[in-house]
Amino acid sequence: ILIVPALLFGLWAQSQVNTNFQKYSKIGTMRGMTGAQAAEYILQQNGIYDVEVRHISGHLSDNFNPKNKTINLSDSVYNSTSIAAIGVAAHEAGHAVQHAVNYKPIRIREMIIPVTQIGSWLYLPIIFVGFLFSSQYLVNLGIILFSTLAIFQLATLPVEFNASDRAITTLAQSGILYGEEINGAKKVLKAAALTYVAALVSSLAQLLRLILIFGGRRRD
């Protein structure tokens, strides 16, 4: 009952990403910039000269890597002049700007990452051992470790929404996109943001499921 609606929401969110990206990847922009050029332009406009824009393989595998200071754009974005490509590239450049201006939510998310990584690896074995040996303490510890995943995804939402807002504002003010092109980019980025909401909903549903299972065990 808890997991299926969350799963369906996640599938719907992903379908929205694919539908909107495919639609607007077929529509070119008036200015004719590529995704890579748009990302580089946004970096320069924000005084960022130590971030490299790179081409990577894959589909929608685009990302900003703060460790080596690279914006990595996929096959369908790097050399494309489509509305979708420009929107995605600008979003990743928005993450680079967040780091440059020391945007607090992204720093908070980075601090959570090590704890989240530990939690994702250990929560299930600890819960299993707790059930096996009837240890309430270990089960509680496992649930707490899992909750760090939900906390991380919650912290991710403002980071992703802000990066998209920065992207749309810059694209409009700089004239990289015009008129209806802006609305197309908004739809692509809004659909992408839904996947992060879906991930949070899925984690919360799983967390509640674990709590209910544990609660039922205590009553038994």
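Starting from 1, residues in each chain are numbered consecutively following that chain's sequence as written. Owing to the predicted nature of the model, reporting of local features is limited to residues with pLDDT of at least 70; listing and counting of side-chain atom pairs is limited to 80 or more, with chain, interface and lining totals taken over all residues. Excluded from the side-chain calculation are hydrogens and water; included are all heavy atoms of the structure.

Participant: I keep staring at the packing of helix α5 (residues 104–132) against helix α6 (residues 136–174) and nothing clicks. Help me out?
Facilitator: Two numbers describe a pair of packed helices, the interaxial angle and the distance between the axes. Axis definition: a line fit to C-alpha positions, over the contact stretch in the case of helices; interaxial angles, taken between N-to-C directions, run 0 to 180 degrees. Each helix corresponds to a stretch of at least 4 residues labelled H or I by DSSP, and each strand to a stretch of at least 2 residues labelled E; elements are numbered beginning at the N terminus. Closest axis-to-axis distance for the α5/α6 pair is 6 Å, and the angle between their directions is 150°. Between α5 and α6, the angle falls in the class roughly antiparallel. Remark: the crossing between α5 and α6 carries left-handed chirality. Oblique is the label for any angle not under 35 degrees, not over 145, and not in the 65 to 115 range, which are roughly parallel, roughly antiparallel and roughly perpendicular in turn. By convention, the crossing between two helices is left-handed when the near helix turns anticlockwise from the far helix through less than a right angle, and right-handed when the turn is clockwise.

Participant: What is the right way to read the sheet that holds strand β3 (residues 70–73) from this model?
Facilitator: By definition, the strands of a sheet pair up through backbone hydrogen bonds, in either a parallel or an antiparallel sense. The pairing criterion for strands is at least two bridges between them, as found by DSSP. Strand order in the open sheet made by the 3 strands is β1-β3-β2, with mixed pairing throughout. Of all strands in the sheet, those with a lone pairing partner are β1 (52–55) and β2 (63–65), marking the two edges. Put simply, the sheet's adjacent strands are angled 25° from each other on average, direction ignored. By the bridge criterion, 3 bridges tie β2 to β3 in an arrangement that is antiparallel. Bridging across to β3, N65 finds its partner in T70.

Participant: Sorry if this is basic, but what is going on with the environment of I113 here?
Facilitator: Summarising the element assignment, I113 is placed in helix α5. Remark: exposure states derive from per-residue accessible area (1.4 Å probe, protein chains only) relative to the maximum for the residue type, with buried under 20%, exposed over 50%, and partly exposed in between. When its relative accessible area of 30% is taken as the criterion, I113 is described as partly exposed. Spatially, the C-alpha atom of I113 lies 9.0 Å from that of L149, the residues being 36 residues apart in sequence.

Participant: Just to check I follow, could you spell out the confidence of the model for the protein chain for this structure?
Facilitator: Keep in mind that low pLDDT regions are not for reading the predicted coordinates in detail. Per-chain confidence: the protein chain averages 93 in pLDDT, with 97% of residues scoring 70 or above. For every residue, the predictor assigns a confidence score, pLDDT, that lies between 0 and 100. The weakest mean pLDDT in the protein chain belongs to helix α7 (residues 180–219) at 88; the strongest belongs to β3 at 98.

Participant: Sorry if this is basic, but what is going on with α5 here?
Facilitator: Because each turn of an α-helix spans 3.6 residues, side chains separated by three or four positions in sequence point in the same direction. The first and last C-alpha atoms of α5 sit 42 Å apart over 29 residues, in line with the 42 Å expected at 1.5 Å per residue. Bend is the name given here to the angle between axes fitted to two runs of seven residues, the run ending at a residue and the run starting at it. At L122, α5 shows its largest bend, some 40°, and a proline, P125, comes one to four positions later. Positive phi shows up at S134, right after α5, with a value of about 55°. Expected helix span is computed as 1.5 Å times (number of residues minus one).

Participant: What am I meant to see in helix α1 (residues 3–24) here?
Facilitator: Between its first and last C-alpha, α1 extends 32 Å over 22 residues, near the 32 Å set by a 1.5 Å rise per residue. Those residues of α1 that fall on the buried side of the exposure criterion are A6, A13, V17, N20, F21 and Y24. Viewed end-on, α1 has its buried residues packed into an arc of 100°, placing them on one side of the element. For α1, the exposed residues set more than 90 degrees away from the buried face come down to L7, L8 and L11. Picture the helix axis, draw a direction to every C-beta atom, and the arc is the one those directions span.

Participant: Got a minute to help me understand the packing of helix α2 (residues 35–45) against helix α4 (residues 83–100) in this structure?
Facilitator: It is the contact of α2 with α4, at a shortest axis distance of 8 Å, that shows an interaxial angle of 30°. As the angle between them shows, α2 and α4 are arranged roughly parallel. For the pair α2 and α4, the crossing hand works out as right-handed. Here G35, A38, A39, I42 and L43 of α2 lie close against α4, whose contacting residues are A85, I86, A89, A90, A93, A96 and V97. Residues are treated as being in contact if the distance between any of their heavy atoms lies within 4.5 Å.

Participant: Explain the side chain of H91 here, please?
Facilitator: Position of H91 among the secondary structure elements: in helix α4. Only 3.0 Å separates the side chain of H91 from the side chain of S164, close enough to count as a polar contact. Ignoring any residue separated from it by four or fewer positions in sequence, one finds H91 in contact with E160, A163, S164, A167 and L189. Any pair of N or O atoms that falls within 3.5 Å is considered a polar contact. Within protein, one atom must be able to donate a hydrogen and the other to accept it, and sequence-neighbouring residues count only if both atoms are side-chain atoms.

Participant: Would you explain unusual backbone geometry in this entry?
Facilitator: Working note: non-glycine residues mostly have negative phi, and peptide bonds are mostly trans. Despite not being glycine, K69 shows a phi value in the positive range, around 55°. As for its placement among the helices and strands, K69 is situated in the loop between β2 and β3. At S134, a residue that is not glycine, the phi angle is positive and equals roughly 55°. Inspection of the secondary structure puts S134 in the loop between α5 and α6.

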